[in-house]
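Structural characterization, general
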Amino acid sequence: MVRTLDDLDAAGAAVGVRVDINSPIDDDGSLADDSRLRAHVDTLDELAGRDARVVVLAHQGRPGGDDFTTLAAHADRLDELLDAPVAYHDTTFGADARGAVGALDEGHVLVLENTRFYSEEVMAFDPEVAAETHLVTGLAPALDAYVNDAFAAAHRSQPSLVGFPARLPGYAGRVMERELDALGDIGSTPTPRVYVLGGAKVDDSIDVAASVLESGLADRVLTAGVVGNTFLHARGVDLGVESTEVVKERAGEALARAEQLLETHGERIHTPVDVAVERGGERVELPVEDLPTSEPAMDVGAETVAAYGDVLADTGTAVLNGPAGVFEMDLFSAGTADLFEAARAAEYTVVGGGDTAAALRRLGLSGFDHVSTGGGAALKLLTGQSLPAVEALS
Ligand SMILES: Nc1ncnc2c1ncn2[C@@H]1O[C@H](COP(=O)(O)OP(=O)(O)O)[C@@H](O)[C@H]1O
Ligand SMILES: O=C(OP(=O)(O)O)[C@H](O)COP(=O)(O)O
């Protein structure tokens with residue numbers, strides 16, 4: 001059982017709060033989207049409101065990436081979003097960081113530097129080993145408690161996620177609590193359970209399909225996006241040169257696994273019955289029987305949405321991951337908009353994935369039972385696996 005903020009005696013305590021505010025960054029270094037910061041407002045304001053001295057730990061990007069930056073801009077934005085005053089400190093551990101934590105007033109928030117500026121934080125450790133890293137031993141003495149609210153990073157075994165709870169009393173923050181409540185026990189949600197897998201991370205989606213079909217978590221898998229095109233190709237449909245190239249590039253060696261899955265569980269895997277292409281600047285929908293075509297298949301068509309809608313109308317739980325088409329283009333947003341709309345007919349609906357959440361925002365879609373802040377972490381739970389950072393708290 002994981003303890004929550006309800007169990008924490010916060011007043012006066014220096015509380016390290018691991019959040020996931022890993023965000024898209026513009027060319028000028030500013031935040032392109034602050035949704036992940038907004039998600040943590042409840043946890044941080046609650047702790048500050050209860051007179052904790054709140055010390056924020058977070059990562060941004062990966063070493064070498066364009067989005068691998070300092071957390072100064074994140075701290076500025078948090079200062080605007082939170083009721084509590086927020087300051088930024090440019091180290092994460094060591095005497096300087098401990099001094100800044102020691103000087104922090106009750107009810108104030110201090111954002112420490114990007115944890116991944118330190119090499120230990122890009123490695124995976126067992127919790128006992130993580131507890132001995134410089135990052136953890138160099139900061140933990142200044143803290144009284146540790147809160148993990150970073151659900152979207154909870155599938156990682158990095159020191160800031162699994163090391164602190166070995167040294168300090170550990171608690172789940174409000175984001176973590178909500179995500180675990182919604183996704184932590186997928187096996188007990190209403191049946192039949194249908195996974196709708198779209199998007200372009202084809203190898204990941206084939207892994208998910210294999211896992212949930214074999215474990216029986218999924219009664220059916222409905223495919224869309226590049227994932228749908230991949231299963232069509234694996235079924236022997238010639239999509240045309242352009243789409244086949246995208247499928248081969250995105251699926252790689254996973255294509256063979258898709259073919260095997262169709263052999264063993266083919267009757268439970270649904271593939272699109274029509275696709276949308278651009279012809280003369282217009283959206284044209286083609287039945288699969290009329291393929292191949294020279295234009296790339298960029299969305300599912302209305303007949304597919306109708307067929308999937310029939311399945312979803314009799315569904316207990318719908319798990320949706322990945323857009324049904326290139327939703328970023330107006331011409332190809334209808335499949336995603338209409339399919340997600342149809343999924344709301346299911347008794348219980350959960351949605352995961354970074355681009356999927358962006359699609360919901362762009363297309364103004366709401367009304368799902370749970371929209372996860374996580375991509376990889378959500379999928380891990382939705383395939384019935386546990387998360388190392390949650391295990392470390394238990
Ligand atoms: N038919 C398609 N052809 C090319 N790209 C597609 C197609 N369908 C969806 N996509 C792309 O998939 C991307 C999102 O996929 P993915 O990263 O797997 O989603 P998530 O982050 O939600 O897991 C979007 O950028 C979208 O344009
Ligand atoms: O964005 C994240 O995960 P996601 O892409 O699965 O949503 C998390 O911040 C984890 O980042 P990472 O995949 O660099 O470890």
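Residue numbering note: each chain is counted from 1, following its sequence as written. Just so you know, chain letters begin at A and ligand numbers begin at 1, following the order they were written in. Side-chain atom pairs in this predicted model are given and counted only at pLDDT of 80 or more, local residue features only at pLDDT of at least 70, and totals for whole chains, interfaces and linings cover all residues. Based on all heavy atoms of the structure, the side-chain values leave hydrogens and waters out of the count.

The chain carries the name Phosphoglycerate kinase in an unreviewed UniProt entry, which gives Halomarina rubra as its organism. Word for word, the UniProt comment on the chain under Subunit (unreviewed entry) is "Monomer." UniProt positions are given in the numbering used here, feature names are shortened, and annotations may be inferred rather than shown by experiment. Its UniProt record gives the chain a comment under Subcellular location (unreviewed entry), which states: "Cytoplasm".

For any pair of aromatic rings, geometry is given as the distance between the ring centres together with the angle between the planes. Between rings of Phe, Tyr and Trp, where Trp is taken as its six-membered ring, a pair exists when centres lie within 6.5 Å; planes separated by under 30 degrees are stacked, by over 60 edge-to-face, and by other angles tilted. Per the stated rule, a full pass over the model turns up four aromatic pairs. Judged by centre distance (5.5 Å) and plane angle (15°), the rings of Y146 and F164 are stacked. Taken together, the residues Y146 in strand β5 (residues 145-148) and F164 in the loop between α7 (159-163) and β6 (170-172) connect sequence positions 18 residues apart. Here the two residues Y146 and F164 agree in accessibility, since each one is buried. When the NZ atom of lysine or the CZ atom of arginine is within 6 Å of a ring's centre and also within 35 degrees of its normal, the charge is said to sit over that ring. Lying across the ring of Y171, R3 places its NZ or CZ 4.9 Å from the centre. Strands here mean DSSP runs of E at least two residues long; helices mean DSSP runs of H or I at least four residues long; both are numbered from the N terminus. Summary of the burial criterion: residues with accessible area below 20% of their type's maximum are buried, those above 50% are exposed, and those between are partly exposed, where the area comes from a 1.4 Å probe applied to protein chains only.

Moving on to empty space enclosed by the protein. Here a cavity is any set of points on a 1 Å grid over the protein atoms alone where a 1.4 Å probe fits but cannot get out, and a pocket is any open set with protein on both sides within 12 Å along at least 5 of 7 lines; a residue lines the site when it has an atom within 4 Å of a point. Grid points are joined across faces, edges and corners, and a volume is the space filled by probe spheres set on the points. Evaluated as defined, the whole model comprises one cavity of 30 Å³ or more. Of the volumes computed, that of the largest cavity is approximately 40 Å³. Contributing to the lining of the largest cavity are D20, R36, A39, H40, D149, A150, F151, A152, V175 and T373. Looking at the lining of the largest cavity residue by residue, the classes come out as five nonpolar, two polar and three charged. Under the scheme applied, nonpolar residues are Ala, Val, Leu, Ile, Met, Phe, Trp, Tyr, Cys and Pro; charged residues are Asp, Glu, Lys and Arg; polar residues are all the others, including Gly.

In these notes, residues near a molecule or strand are those with any non-hydrogen atom within 4 Å of it. Within the structure, ligand 2 sits among D20, N22, R36, H59, R62, R116, A152, R156, G375 and G376. N22 places a polar side-chain atom, nitrogen or oxygen, 3.0 Å from an oxygen atom of ligand 2. Counted as a polar contact is a pair of N or O atoms within 3.5 Å, where, for protein atoms, one must be capable of donating a hydrogen and the other of accepting one, and residues adjacent in sequence contribute only when both atoms are in side chains. Note that an oxygen atom of ligand 2 is positioned 3.0 Å from one of the side-chain N or O atoms of H59. In this description, accessible areas are obtained by the Shrake-Rupley approach with a 1.4 Å probe, and a residue is regarded as covered only by the protein chains that are shown. In isolation ligand 2 has 390 Å² of accessible area, and contact with the protein removes 82% of it. Within the shell around ligand 2, the residues separate by chemical class into one nonpolar, four polar and five charged.

Lines fitted to C-alpha atoms define the axes here, with helix axes fitted over just the stretch in contact, and angles between the N-to-C directions of these axes take values from 0 to 180 degrees. Viewed as axis vectors pointing N to C, helix α9 (residues 202-215) and helix α10 (residues 225-234) meet at an angle of 70°, and their least axial separation amounts to 9 Å. One finds that α9 runs roughly perpendicular with respect to α10. The residues of α10 that touch α9, namely those facing V202, S205 and I206, are V226, V227, T230 and F231. A class-by-class count of the residues in the contact of α9 with α10 yields five nonpolar, two polar and no charged. Geometric relationships in this document are graded by angle, where less than 35 degrees denotes roughly parallel, more than 145 denotes roughly antiparallel, 65 to 115 denotes roughly perpendicular, and other angles denote oblique. We call two residues in contact whenever any of their non-hydrogen atoms come within 4.5 Å of each other.

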